[in-house]
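Tertiary structure, described
Here is how the chains run, residue by residue.
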Amino acid sequence: MTKYLVKRFIAMLITLWLIITLTFFLMHALPGSPFNEERSTSEAVQRNLEAHFNLDKPVPVQYIEYLKSVIQFDFGPSIKKSSQTVNELLGRGFPVSFELGLVTLTVAILSGITLGVLAALRHNGIIDYMAMTIAVLGISIPNFVFATLLIQQVAVNWELLPVATWKSWRHMVLPTLALATGPMAIIARLTRSSMLEVLTQDYILTAKAKGLTPAKIVLKHALKNALLPVVTVLGSLAAGILTGTFVIEKIFAIPGMGKYFVDSINNRDYPVIMGTTIFYSTLLIFLLFLVDVAYGLLDPRIKLHRKEAK
Amino acid sequence: MVKILEVKELHVSFTTFGGEVHAVRGVSFDLYKGETLAIVGESGCGKSVTAKSIMGLIPNPPGKITDGKILFKGSNLAALKDKDLRKIRGADISMIFQDPMTALNPTLTIGTQLMEGIIQHQKISRSEAQKKALEMMRLVGIPSPESRLKQYPHQFSGGMRQRIVIALALVCEPEVMIADEPTTALDVTIQAQILDLFRDIQKKTGVSIILITHDLGVVAQVADRIAVMYAGKVVETGTRRDIFYKPQHPYTKGLLNSVPRLDLENAELIPIAGSPPDLFAPPPGCPFVARCQYAMEVCDKVYPQKTKYGKEHHVNCWLQDERAKQMLALQR
Amino acid sequence: MEAPKQQESKRASVMDEWFVPKKRILGEAETVIRPSVSYWKDAWRRLLKNKLAMVGLVCLILLIFMAIFGPIISPHSATHQVLQQQNLPPSSEHWFGTDELGRDVFARTWEGARISLFVGVVAALIDFIIGVTYGGIAGYKGGKLDHYMMRFVEILYGLPYLLVVILVSVVLEPGLFSIIFALSITGWVGMARMVRGQVLQIKNYEFVLASQTFGTKTSRIIRRNLLPNTMGPIIVQMTLTVPSAIFAEAFLSFLGIGIQPPLASWGSMASDALPVILSGDWWRLFFPAFFISLTMFSFNVLGDGLQDALDPKLRR
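This section reports on the structure supplied with the text.

**Some remarks on the overall build of chain A**
For chain A, the count of helices and strands is 12 helices and zero strands. In chain A, the order of α-helices and β-strands from amino to carboxyl end is α-α-α-α-α-α-α-α-α-α-α-α. The principal-axis extents of the C-alpha atoms in chain A amount to approximately 80 × 65 × 30 Å. Counting only residues that meet the buried cut, chain A has 50% of its 310 residues in that class. Of the roughly 13,800 Å² of accessible surface on chain A, 67% is carried by carbon and sulfur atoms.

**Considering helix 6 (residues 143-157) of chain A**
Residues and elements named next belong to chain A. The first and last C-alpha atoms of helix 6 sit 20 Å apart over 15 residues, in line with the 21 Å expected at 1.5 Å per residue. Where helix 6 bends most, the angle comes to about 25°, and this point is Ile151. For helix 6, every residue scored as buried is listed here: Asn143, Phe144, Val145, Ala147, Thr148, Leu150, Ile151, Gln152, Val154 and Ala155. Downstream of helix 6 by a residue or two, Glu159 has a phi angle that is positive, lying close to 55°.

**Focus: the pairing of strand 1 (residues 3-16) of chain B**
Residues and elements named next belong to chain B. Sheet analysis places strand 1 next to strand 2 (residues 19-32), joined by 11 bridges and oriented antiparallel. Within strand 2, the residue paired with Phe14 across the bridge is Val21. A loop of two residues connects strand 1 with strand 2, the two strands running antiparallel in sequence. Where strand 1 and strand 4 (residues 63-72) come together, eight bridges link them in antiparallel fashion. Counted as the bridge partner of Glu6 is Leu71 from strand 4.

**Overview of the sheet that holds strand 4 of chain B**
The strands making up a sheet are joined through hydrogen bonds of the backbone, oriented either antiparallel or parallel. Residues and elements named next belong to chain B. Read across the open sheet, the four strands follow the order 2-1-4-5; overall the sheet is antiparallel. The two strands at the open ends of the sheet, each matched to only one other strand, are strand 2 and strand 5 (75-76). Of the strands in this sheet, strand 1, strand 2 and strand 4 are in contact with helix 1 (residues 47-55), which crosses strand 1 at around 110°.

**Some words on the environment of B:Gly206**
Residue and element names in this part refer to chain B. Structurally, Gly206 is set in the loop between helix 7 (188-205) and strand 8 (208-213). Along the backbone, Gly206 and Gly34 are 172 residues apart, and their C-alpha atoms lie at a distance of 4.9 Å. The contact partners of Gly206, leaving out residues within four places of it in the chain, are Gly34 and Ile201.

**Concerning empty space enclosed by the protein**
In total, this model carries eight cavities of 30 Å³ or more according to the counting rule given. Estimates place the volume of the largest cavity at around 100 Å³. Lining the largest cavity, in full, are A:Thr206, A:Ala209, A:Lys210, B:Gly90, B:Ser94, B:Met95, B:Gly117, B:His121, B:Leu168, B:Ala169, B:Val171 and B:Cys172. For the lining of the largest cavity, the secondary structure elements donating two or more residues are helix 8 (202-209) of chain A together with strand 6 (93-96), helix 3 (110-121) and helix 6 (158-170) of chain B. Classifying every residue of the lining of the largest cavity gives six nonpolar, five polar and one charged.

**Points about a positive patch on the surface**
On the surface, C:Lys217, C:Arg220, C:Arg223 and C:Arg224 cluster together to form a positively charged patch. Looking at the secondary structure, you find C:Arg223 in helix 9 (residues 218-255).

**Notes on the packing of aromatic side chains**
Evaluation of the coordinates by the stated rule reveals 28 aromatic pairs over all chains. With centroids separated by 5.5 Å and ring planes inclined at 45°, the aromatic side chains of A:Phe94 and A:Phe98 adopt a geometry described as tilted. Within this pair, A:Phe94 and its partner A:Phe98 are both found in helix 4 (residues 86-121), separated by four residues, close to a single helical turn. Look at A:Phe98 and you get partly exposed, because its relative accessible area is 45%. Directly above the ring of B:Phe156 sits B:Arg148, whose terminal nitrogen or CZ lies 4.3 Å from the centroid.

**Focus on the interface of chain C and chain A**
Taken together, the 31 residues of chain C in the interface contact 41 residues of chain A. Both faces combined, the contact of chain C with chain A buries some 3,500 Å², and carbon together with sulfur accounts for 79% of it. Interface area lost by chain C to chain A is led by C:Leu163, C:Leu167 and C:Leu255, which between them contribute 18%. At the boundary of chain C with chain A, the tally comes to one salt bridge. Of the charged contacts in the structure, one is a salt bridge between A:Arg189 and C:Asp304, with a shortest N-O distance of 2.7 Å. Elements supplying a minimum of two residues to the side of chain C that touches chain A: helix 5 (143-158), helix 6 (161-171), helix 9, helix 10 (266-277) and helix 11 (282-310) of chain C. Sort the elements by how many residues they give to the side of chain C that touches chain A and helix 11 of chain C lands first, with 10 residues.

**Details of helix 10 of chain C**
Under the 1.5 Å per step criterion, the end-to-end length of helix 10 of chain C is 16 Å for 12 residues, consistent within 8% with the ideal 16 Å. Among the 12 residues in helix 10 of chain C, 10 count as buried, and that is most of the element. By the burial criterion, the buried members of helix 10 of chain C are C:Trp266, C:Gly267, C:Ser268, C:Met269, C:Ala270, C:Ser271, C:Ala273, C:Leu274, C:Val276 and C:Ile277. On its buried side, helix 10 of chain C packs onto helix 6 and helix 9 (214-251) of chain A together with helix 4 (105-141), helix 9 and helix 11 of chain C. Two or three places before C:Gly267, at the opening of helix 10 of chain C, C:Ser265 has a side-chain oxygen 3.1 Å from that residue's backbone nitrogen.

**Some details on unusual backbone geometry**
With a phi close to 65°, A:Asn124 is a non-glycine residue in the positive phi region. Positive phi is not limited to glycine here, since B:Glu181 has a value of about 45°. For B:Glu181, the location among the structural elements is in the loop between strand 7 (176-180) and helix 7. Since its relative accessible area comes to 6%, B:Glu181 is described here as buried.

**A look at the pattern of salt bridges**
This structure, assessed with the given rule, holds 25 salt bridges over all chains. Notably, a salt bridge pairs A:Lys259 with A:Asp263, separated by 3.4 Å at the nearest N-O pair. Of this pair, A:Lys259 and A:Asp263 both sit in helix 10 (residues 257-267), separated by four residues, roughly a single helical turn. Residue class for A:Lys259 comes out partly exposed when judged on its relative accessible area of 25%. Here B:Asp82 and B:Arg89 are joined by a salt bridge, their closest N and O atoms 3.2 Å apart. On the basis of relative accessible area, B:Arg89 is assigned to the buried category, the value being 4%. Salt bridges sharing partners connect three or more residues here, namely B:Lys3, B:Glu6, B:Lys8 and B:Asp30.

**Some remarks on the sheet that holds strand 8 of chain B**
Residue and element names in this part refer to chain B. Judged by pairing direction, the sheet is mixed, and its eight strands sit side by side in the order 6-7-8-3-9-10-12-11 without closing on themselves. Of all the strands in the sheet, just strand 6 and strand 11 (306-308) have a single pairing partner and so form its edges. In this sheet, neighbouring strand axes are inclined to one another by 20° on average, regardless of whether the strands run parallel or antiparallel. Of the strand pairs in this sheet, strand 3 (residues 36-40) and strand 8 are connected by five bridges, and their pairing is parallel. Bridge pairing in strand 8 places Thr36 opposite Ile209.

**Notes on the nonpolar core**
By size, the foremost hydrophobic cluster in this structure holds 143 residues, and its most contacted members are A:Phe144, A:Phe246, C:Ile166 and C:Phe251. Counting 113 residues, the second-largest nonpolar core is a separate cluster that includes B:Val222, B:Ala227, B:Phe244 and B:Cys286.

Procedures and definitions
- Residues numbered from 1 in each chain as written.
- Chains lettered and ligands numbered in written order.
- Predicted model: local features only at pLDDT ≥ 70, side-chain atom pairs only at ≥ 80, totals over all residues.
- Heavy atoms only, no water.
- Helix = DSSP H or I, 4+ residues; strand = E, 2+ residues; numbered from the N terminus.
- Buried < 20%, exposed > 50% of the residue type's maximum accessible area, 1.4 Å probe, protein only.
- Areas by Shrake-Rupley, 256 points an atom, 1.4 Å probe, with all protein chains shown as cover.
- Expected span 1.5 Å × (residues − 1).
- Bend = angle between axes of the 7 residues up to and from the residue.
- Pairing = 2+ DSSP bridges.
- Contact = heavy atoms within 4.5 Å.
- Axes fitted to C-alpha atoms, helices over the stretch in contact; angles between N-to-C directions.
- 1 Å grid on protein atoms, 1.4 Å probe; cavity = no way out; pocket = protein on both sides within 12 Å on 5 of 7 lines; lining within 4 Å.
- Points joined across faces, edges and corners; volume = space filled by probe spheres on them.
- Nonpolar A, V, L, I, M, F, W, Y, C, P; charged D, E, K, R; others polar.
- Patch = residues over 30% accessible without salt bridge, like charges linked within 9 Å, V, L, I, M, F, W, Y side chains within 5 Å.
- Salt bridge = Lys/Arg side-chain N within 4 Å of Asp/Glu carboxyl O.
- Lys, Arg positive; Asp, Glu negative; His and termini not counted.
- Charge placed at Lys NZ, Arg CZ, Asp CG, Glu CD.
- Phe/Tyr/Trp six-rings, centres within 6.5 Å; stacked < 30°, edge-to-face > 60°.
- Lys NZ or Arg CZ within 6 Å of the ring centre and 35° of its normal.
- Buried area = accessible area lost by both parts, 1.4 Å probe.
- Polar contact = N/O pair within 3.5 Å; in protein donor to acceptor, adjacent residues only side chain to side chain.
- Core = buried A, V, L, I, M, F, W, Y, C linked by side-chain atoms within 4.5 Å.

All we've got here are geometric facts, nothing functional implied.
Structural data, given as structure tokens:
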């Protein structure tokens, strides 16, 4: 297990380094970026930039210095908002995005698993068809489309819930719903198919032959095994939710990191783009790592397999 | 001898996309206390389905017991609700499945899996259940059971896992144990050990065993009585001696001829040509007719009645009919 | 089921003359009862039976038809601006209404269909070419080469897909080919992993080992054994890549870093419609939203149907 963890950890660092390097050199190639001569920024901003990115030094030195500051979690100043640094922006926007993402992920996991299990237990029944219809629609309708439809119907036509900003739970309902539907659908389908497969396994028959109640068979024997494949996709689902926050925050005018990120893209605020990309990548790669560890802990076969291999 | 289980005219069908499959078509047999009854036949003959029907483990849909009775301790298992059947499953009748690699839940410890059956059926504390589990593990010959209790299935070898599966089946001290191909997935040397274990357990606990297998070698070692199944029907029943030394049904003879034997000199292996009939549309007569070298016109038309041949020996074959015997005598 | 009584009466009617040896037709015992059907035929038959997949297929054919002929049959051009006709609701003149620049939404919708389908199909094709080659080589050659090739793939796999796409789109000149390029950078990784896994598995099947022992040429093994057996999962993967590429394009265009005006994309049309939905101009959002969802729905259910149809485990 430890050997495996170390290996995964090193792969994680390499991926991160790749992303940092990629962003650095991509930004270097761009006209109008902080590294380029043709920038058109105010005096004050320019001085900030030069100081942070060591623009007077040769490129390799800039790269090393840049790596150093990234490791220290310092992403430099914003171009457009002269008095702000990327770190301040992250500090302000991230908690909001984190809340949105966490609530969404929780809703998606809980409802997705429930839906998938119900569908599998009532295989080819009405509940199954209904759950799978919801799932297919959830996968097919892009989150930004669903978000706008929700605004149009629920907020504008029916006036049930507020449209924009992030103040009370009522503000959270629509964005969460829009963002959670896709991942929920994926989890529901995956849970259903893996549950169906697990239910045909011999050990389920063994459990039945013991005379256990159906509830015990499902909860104790089937569910844990059926959820193992679901755990493996959590990382990529989290990635989907994270990128989803970009559009959802833009649509619902939520002052989160996603909204700042989209604004920075449209304003070509390069330090913000770089900083956010690296920050998000770190977060996601770390999440993938956590998911792997969790999987190893949940499935006894993996953990001990590694031990024996040593 | 005391009858403990009676299966009478059992019919089981499966509804599939291709139509209805009559997997079991009127199977009857008795099981006596403390004996081992082997049900023998090639794959697809309905022996596993028969076993699962007794346990009420036929998946419904698509499967269904369409007719017949399974009598156990005065109740008809075929008519019981799942809720009532559950009290019998694992407690009075238990089952062992073919592949010990897949029959155990990979994510639960052996201890958990052994104990949950006891806890389900008996009012007993966890520590007592654990004591019982340990006792069972000792009975089936697992060394140092205390440390093994906390381990997962993948940490056991195939033979050890099958011992665990047997312990699982015995843990509530059932009266009947059904073993569905319990040695098929094992190495030959392990097979012998497991069969020894079966005999040993039967001596110690007096459990009645129904052994489902296609392996006549296994049957010869442990069975007291044998029922031969073909295409969803029992075609011949008898004691081990009856079946091995005086087989009457051409199919039984064919089965015995297709197994290598050391006790007979220059015995040639003769496979049975052809394959069993399609159970989507079972033939009205004897299902073996297409592969039988003694086939008569009557065999195509009507299924033969059960005829008594010896004390415990019964056979369903037209060759037992007087008219067939006359005809064969004339031919000679 | 025959009741025992019935058998009893039959017993009585057993006639003596039936006790004669049965006349045998030669080889009767050997006949196989059901005819065997080829893998692809069988899969196709099962796909035809899958109603939802068929709905998807029909929708897809209609969508492709409209993408080709929609802009032609429309009396208006997709980019022509008529400033007197801003934000008109659907009418006999403008079937899907007009946008804030007086452009015909019907024409723009089908222009958008062209772009979405083009992006989806081309991205899937690029994934196919790179993924199958890379995965095939890694899986077939095996050993050290496979090890290093897969290490590289693992690292790429760790990169968050849409984030890379966004980053590359920011850097490149925005447009159709930038999007496709951005989608292709990491898009093929999934295909490569899948193909490698399949090849590795099939390589060790007995029938492949058997043909190797007969001295069959490598190229023949690949052609006769590996390709047909990996084709199923590859087709499924491609069918499911298309909707994710279409989603990515719409996503980028919605954010304003995808397709640029005056070109129309469903994503950018939906984005442009955002400010006006509050005033009740529903058609601006509805048509692009509906058709993008329909397209993704069609590809998804068709992909699912193919997956079920091509799964050899489900064959009966």
